[in-house]
Protein chains: 2
Amino acid sequence: MVGHSEAIAELRDLLGERLSTGQSIRETHSHDEAYTTPVLPDAVAFPETTQEVSEIVKICAKHGCPIVPYGVGTSLEGHVVPIKGGLTLNMMRMNRVLDIHPDDLDAVVQPGVTRTELNEALRDTGLMFTVDPGADATMGGMAATRASGTNSVRYGTMRENVLALEVVTADGTIIRTGTRARKSSAGYDLTHLFVGSEGTLGIITELTVRLFGRPETMSAATCAFEQIDDAVQSVIVAIQSGLPMARIELIDEVQIRGLNAYNEAFDLPEMPHLFLEFHGSPNGVAEQVDLFRDIANDHNVIDFQWADMPEAHKKLWSARHNAYYAARAMRSGAVGVVTDVCVPISALAPCIAEAKARIAQAGLISPVVGHVGDGNFHLQILVDPKSTEEMAAAKNIANSLNELALKHSGTVTGEHGVGVGKLPYMAAEHGAALGVMAAIKRAMDPQNILNPGKVVPLN
Amino acid sequence: MVGHSEAIAELRDLLGERLSTGQSIRETHSHDEAYTTPVLPDAVAFPETTQEVSEIVKICAKHGCPIVPYGVGTSLEGHVVPIKGGLTLNMMRMNRVLDIHPDDLDAVVQPGVTRTELNEALRDTGLMFTVDPGADATMGGMAATRASGTNSVRYGTMRENVLALEVVTADGTIIRTGTRARKSSAGYDLTHLFVGSEGTLGIITELTVRLFGRPETMSAATCAFEQIDDAVQSVIVAIQSGLPMARIELIDEVQIRGLNAYNEAFDLPEMPHLFLEFHGSPNGVAEQVDLFRDIANDHNVIDFQWADMPEAHKKLWSARHNAYYAARAMRSGAVGVVTDVCVPISALAPCIAEAKARIAQAGLISPVVGHVGDGNFHLQILVDPKSTEEMAAAKNIANSLNELALKHSGTVTGEHGVGVGKLPYMAAEHGAALGVMAAIKRAMDPQNILNPGKVVPLN
Ligand SMILES: Cc1cc2nc3c(=O)[nH]c(=O)nc-3n(C[C@H](O)[C@H](O)[C@H](O)COP(=O)(O)OP(=O)(O)OC[C@H]3O[C@@H](n4cnc5c(N)ncnc54)[C@H](O)[C@@H]3O)c2cc1C
Ligand SMILES: Cc1cc2nc3c(=O)[nH]c(=O)nc-3n(C[C@H](O)[C@H](O)[C@H](O)COP(=O)(O)OP(=O)(O)OC[C@H]3O[C@@H](n4cnc5c(N)ncnc54)[C@H](O)[C@@H]3O)c2cc1C
């Protein structure tokens, strides 16, 4: 488009080699981990400073050229696909940890820093950043998707862990939302508005995030059950009794089979499992473990294995983190239709049971895993992308599960976000509130240049 | 104004006796607890249902008549003063606890329910609602001001404790924000946008809030120090070492004098104190107490008193909750110039020291109290409202403290909100972000009828 090529000519003057129109780079930025149809951006920019992001946005605004911010492209609903073309803004060169304030338990980082890079930088401080999606995502991408992880049941999601942001808005203005104070009543909560906005309201150029002290003791275990319902009921009781679990993850027998095959020297019985972690003082952890053991025993637990040696601990959680790839490897050539419902904890058991029943009925393979302490779980239905029948059956299951979650006062997406994949559910989930979201989008991005076509349908 | 009287005539048809234009009722609704100049509303409405609120808003919208939502009017910055006249919407008749979901640890309430009414309704459930501002405020008012309390250091403020809302927007549309799921990535976070919006973006007609299990053991204590800095340093070290304090409140020697005078059989040494509470299992609490005692001993604690009998426990916290009135009673006829800064915990000591020095310099009386675990503390400078000199001196102190908080990356209001009193600081605190807030206000309330003149200056 003419408008875009004018923008790109101006951007080239600004960025030189840090603007790429090469085919392979554009292809890399044409998709994320979802099976959404790829679309190539006209160009990819690699800004290095907030000021530069602001200038880029001003040029794009002048020409009405779309801008899609990009972290590392691990999102799962087509979030980063530039469906209207234009510019992809790859944030990887803004990857410095700017400040660590150990006394205030916070850190200031650029958006291209990944969660492991931040934790690496924290190594000698005794502090940790806790949000850990399976992928080694960027802080900007995680904030933009309101991501969560295995620790969120205890330490919160990005919603609770972002204190303040620096953002470039649709006209290139640089703003700061929030302060380093732990709470504030000073006006509208812009921080939470940008968290989860998937690049549609502004470009995040800096984040102030919460840190936690590393617990004195961490104890991890795996727990096997014959029946998945027993595993789920154990989770429900643990949460309802206020046990401060640091991690409580469900891995069903299908996913266990996948993990055993994918990870070297991994050999758990092919049964539904919970992967657990307890944080606290030595006595505190011992007390939690006893309480949880009682709960699990009440629910016919078969096997309790500790993974407390650093090696075993690492192996366990790295297996959990690569569950997605382990699942995909279970059926070669297959793609995964991924669901992400999150429901009130009391609705967890019926929703999981219904999902398992439908998968069986359809004769498909799908692991069930999830951050079940939050009421959140995923199917990853493995389908042959060339089989329209399988694809239809999988989407059918996903669809009925999403509807079930809404019926139980839950959400269709607990952590992955809307992108384009979940757009069709927004009306059912939000009703008239969707009109308010659209009004906000129009007010903050009147030209609709920031990741257009995502999150909120505009008409 | 003609517009308003037409609106009021139509409202009378709708509400009958539940619309009042009587002088004394209008006077009651002309002010809150701040020393802002009172303004009478043209009428006060007492709606009973969401549907009715929606119809009221539609009538007001048609005539461009301002609407000021009203809980119990305990806010401290002129929030509820109807500075442009119009209708005050008193929510007291919408005061039912609609649903308690013990299994999901949440409750659904109408906005006129007060925090003690909710806890009364929870009495037999083993659950508690934790946000406890000094006043027995309404849930709607607390959400609208993003209130916090003595427990927020452990259980969060209204920001963390509101899961979902029902809201009537400026054109009378009824929307729901959020679900009962614990987390979600489904679009813009409208819940957090309405929390803290002080009635300027919509009328809250229903809230879904988090509950917590009552801890097995609660242990409360008072701790006296010779030097206020030792008290503050103890707080800082406790927070930095991750001690999960349930409550940690600073009460300086001036406020102690006030409490001793105001509360029957209250007789603490006139020194800076910390009021503390520990929650957990019996062993867990014992461990926390030992750790805190070590910290306090390192900081020259003089006296450690337990208040574990139910009576003593109640007396302690009710004294803390009425600190505001106890302070006012210290100087008859005086009004309080109240500050509400909140800073990163490392900046707490210098800010408190500076505040105390300036009070002494000015020769004024002002207690210092606060939810110091959050980095939040208040002055309540007692001035003769007729002395322009004293008033100027007090505002001067407040002003320099606000500026100091901003310099330390803090906020001018940790919990009270903006109202009209803190409006002058919004530009300094938010800079260009204030433009985004104004754009949101304009988009969501294009006629500027919802609590006009508060939170965001519109030009
Ligand atoms: C194996 C695997 C496991 C996963 N596990 C989890 C999990 O446990 N929990 C979870 O929540 N998610 C999970 N995900 C999804 C994904 O990792 C998260 O959504 C993650 O937050 C995306 O980060 P990213 O850096 O890859 O962002 P991208 O995919 O590059 O971008 C995601 C969205 O954020 C926007 N964005 C990126 N950077 C910025 C910025 N600086 N400013 C504004 N907008 C920006 C993009 O425009 C896009 O809309 C998983 C994905 C995979 C592949
Ligand atoms: C003695 C004393 C102690 C206090 N201690 C604390 C404290 O510890 N922590 C703290 O945070 N605050 C404290 N405050 C301030 C005050 O109690 C809080 O701000 C409280 O949240 C106000 O609630 P309310 O019901 O009185 O609301 P109101 O004062 O009636 O209204 C407050 C604001 O909310 C809006 N509002 C009210 N209801 C609704 C609704 N349903 N929908 C939309 N908007 C609405 C109003 O328009 C107004 O802008 C204290 C005040 C006093 C007098």
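Residues numbered from 1 in each chain as written. Chains lettered and ligands numbered in written order. Predicted model: local features only at pLDDT ≥ 70, side-chain atom pairs only at ≥ 80, totals over all residues. Heavy atoms only, no water.

- Per an unreviewed UniProt entry, chain A carries the name D-lactate dehydrogenase (cytochrome) and comes from Cognatishimia maritima.
- Word for word, the UniProt comment on chain A under Sequence similarities (unreviewed entry) is "Belongs to the FAD-binding oxidoreductase/transferase type 4 family."
- Regarding chain A, the relevant UniProt record gives this comment under Cofactor (unreviewed entry): "FAD". (UniProt positions renumbered as here; feature names shortened; annotations may be inferred.)

## Details of the relation of the copies chain B and chain A
Here is step 1 of the chain: Once turned by 180° and shifted 0.0 Å along the axis, chain B lies on chain A with an RMSD of 0.0 Å. Both copies of the chain, as the preceding transformation shows, are related through a two-fold rotation axis. (Least-squares fit on C-alpha atoms with pLDDT ≥ 70 in both.)

## Observations regarding helix 10 (residues 253–262) of chain B
All names here are of chain B.
Here is step 1 of the chain: Of the positions making up helix 10, those classed as buried are Val254, Gln255, Ile256, Gly258, Leu259 and Asn260.
Here is step 2 of the chain: Its buried side turned inward, helix 10 meets strand 13 (247–251), strand 14 (273–280), helix 12 (310–321), helix 13 (323–328), helix 14 (348–362) and strand 17 (368–370).
Here is step 3 of the chain: A distance of 3.2 Å separates the backbone nitrogen of Val254 from a side-chain oxygen at the start of helix 10, and that oxygen is part of Asp252. (Buried < 20%, exposed > 50% of the residue type's maximum accessible area, 1.4 Å probe, protein only. Helix = DSSP H or I, 4+ residues; strand = E, 2+ residues; numbered from the N terminus. Contact = heavy atoms within 4.5 Å. Polar contact = N/O pair within 3.5 Å; in protein donor to acceptor, adjacent residues only side chain to side chain.)

## Observations concerning the interface of chain B and chain A
Here is step 1 of the chain: Across the boundary between the two partners, chain B contributes 69 residues, which contact 69 residues of chain A.
Here is step 2 of the chain: Carbon and sulfur atoms supply 59% of the area that chain B and chain A bury against each other, a total of about 5500 Å² over both sides.
Here is step 3 of the chain: The three residues of chain B that bury the most area against chain A are Lys183, Ser185 and Tyr188 of chain B, which together make up 18% of that side's buried surface.
Here is step 4 of the chain: On inspection of chain B and its partner chain A, the count reaches 40 residue pairs in polar contact (both at pLDDT 80 or more).
Here is step 5 of the chain: For the side of chain B that touches chain A, the secondary-structure elements that each account for two or more residues are strand 9 (174–177), helix 8 (190–194), helix 9 (228–240), helix 11 (282–298), helix 16 (426–430) and helix 17 (433–444) of chain B.
Here is step 6 of the chain: The leading source of residues in the side of chain B that touches chain A is helix 17 of chain B, at 8 residues.
Here is step 7 of the chain: Its residues assigned to classes, the side of chain B that touches chain A comprises 26 nonpolar, 28 polar and 15 charged. (Buried area = accessible area lost by both parts, 1.4 Å probe. Nonpolar A, V, L, I, M, F, W, Y, C, P; charged D, E, K, R; others polar.)

## Some thoughts on the packing of aromatic side chains
Residues and elements named next belong to chain B.
Here is step 1 of the chain: For the structure on display, the rule yields 12 aromatic pairs over all chains.
Here is step 2 of the chain: For the pair Phe292 and Phe304, a centre-to-centre distance of 6.4 Å together with 70° between the ring planes defines the contact as edge-to-face. Remark: Phe304 occurs in strand 15 (residues 301–306) and Phe292 occurs in helix 11; sequence separation between them is 12 residues.
Here is step 3 of the chain: Taking the relative accessible area as the measure of exposure, Phe292 reaches 0% and is therefore buried. (Phe/Tyr/Trp six-rings, centres within 6.5 Å; stacked < 30°, edge-to-face > 60°.)

## What about the site of ligand 2?
Residues and elements named next belong to chain B.
Here is step 1 of the chain: The local shell around ligand 2 holds 36 residues, among which Pro69, Gly71, Thr74, Ser75 and Thr138 are the closest.
Here is step 2 of the chain: In this structure, an oxygen atom belonging to ligand 2 sits 3.5 Å away from a main-chain N or O atom of Met142.
Here is step 3 of the chain: Residue His371 places a side-chain N or O atom 3.1 Å away from an oxygen atom belonging to ligand 2.
Here is step 4 of the chain: With 5 residues, the single largest contributor to the shell around ligand 2 is helix 5 (residues 139–145). (Near = heavy atom within 4 Å.)

## Things to note about the site of ligand 1
All names here are of chain A.
Here is step 1 of the chain: Close to ligand 1 lie 36 residues; Pro69, Gly71, Thr74, Ser75 and Thr138 are nearest.
Here is step 2 of the chain: Contacts to ligand 1 include Pro69, whose backbone N or O atom sits 2.6 Å from an oxygen atom.
Here is step 3 of the chain: Within the contact set of ligand 1, an oxygen atom lies 2.6 Å away from a side-chain nitrogen or oxygen of Ser75.
Here is step 4 of the chain: Relative to its unbound accessible area of 970 Å², ligand 1 is 97% covered by the protein chains.
Here is step 5 of the chain: Sorting the residues of the shell around ligand 1 by element identifies strand 3 (67–70), helix 5 (139–145), strand 10 (203–210) and helix 13 (323–328) as the ones contributing at least two each.
Here is step 6 of the chain: Broken down by element, the shell around ligand 1 gets its largest block of residues, 5 residues, from helix 5.
Here is step 7 of the chain: Grouping the constituent residues of the shell around ligand 1 by class yields 17 nonpolar, 16 polar and 3 charged. (Areas by Shrake-Rupley, 256 points an atom, 1.4 Å probe, with all protein chains shown as cover.)

## Some points on the environment of Leu127 of chain B
All names here are of chain B.
Here is step 1 of the chain: Assignment of secondary structure puts Leu127 in strand 7 (residues 127–128).
Here is step 2 of the chain: Taking relative accessible area as the criterion, Leu127 reaches 5% and is therefore assigned buried.
Here is step 3 of the chain: For the pair formed by Leu127 and Gly73, sequence separation is 54 residues and the distance between their alpha carbons is 27 Å.
Here is step 4 of the chain: Leu127 has contacts with Pro102, Leu105, Leu122, Leu211, Phe212, Gly213 and Arg214, leaving out every residue within four places of it along the chain.

## Comments concerning the sheet that holds strand 16 (residues 335–338) of chain B
All names here are of chain B.
Here is step 1 of the chain: Taking strand neighbours across the sheet as the criterion, the 7 strands line up as 15-12-14-13-17-18-16 in an open arrangement whose pairing is antiparallel. Edge positions in the open sheet fall to strand 15 and strand 16, since each of these has one partner strand only. Neighbour-to-neighbour, the strand axes of this sheet turn through a mean angle of 20°, independent of strand direction.
Here is step 2 of the chain: Two strands pair when backbone bridges link them, and strand 17 and strand 18 (residues 378–383) are joined in this way by 2 bridges, in the antiparallel orientation. The residue bridging Val368 from the neighbouring strand is Leu379, located in strand 18. (Pairing = 2+ DSSP bridges. Axes fitted to C-alpha atoms, helices over the stretch in contact; angles between N-to-C directions.)

## Quick word on the domain arrangement of chain A
Residue and element names in this part refer to chain A.
Here is step 1 of the chain: On domain assignment, one finds that chain A holds domain 1 (2–92), domain 2 (97–213), domain 3 (217–324) and domain 4 (331–417).
Here is step 2 of the chain: The C-alpha centroid of domain 4 is placed 29 Å from the C-alpha centroid of domain 2.
Here is step 3 of the chain: Listed as interface residues are 9 residues of domain 2 and, on the opposing side, 6 residues of domain 4.
Here is step 4 of the chain: Together domain 2 and domain 4 conceal approximately 520 Å² of surface at their shared face, both sides included; 43% is due to carbon and sulfur atoms.
Here is step 5 of the chain: The largest per-residue losses of area from domain 2 upon contact with domain 4 belong to Thr145, Ser148 and Val153, which jointly make up 54% of the total buried on that side. (Domains from an automatic or database assignment.)

## Here we look at the side chain of His378 of chain B
Residue and element names in this part refer to chain B.
Here is step 1 of the chain: For His378, the location among the structural elements is in strand 18.
Here is step 2 of the chain: With relative accessibility at 8%, the residue His378 sits in the buried group.
Here is step 3 of the chain: Looking at His378, its side chain comes within polar contact range of the side chain of Asp340, at 3.4 Å.
Here is step 4 of the chain: Polar contacts involving the side chain of His378 include one to the side chain of Glu415, which spans 2.8 Å.
Here is step 5 of the chain: Setting aside chain neighbours within four positions, we find His378 in contact with Thr339, Asp340, Pro367, Val368, Val369, Gly370, Glu415 and His416.

## Quick look at the side chain of Arg320 of chain B
Residue and element names in this part refer to chain B.
Here is step 1 of the chain: As for its position among the elements, Arg320 is in helix 12.
Here is step 2 of the chain: A polar atom in the side chain of Arg320 sits 2.7 Å from the side chain of Glu249.
Here is step 3 of the chain: Ignoring any residue separated from it by four or fewer positions in sequence, one finds Arg320 in contact with Thr150, Glu249, Ile251, Phe275, Val369, Gly370 and His371.

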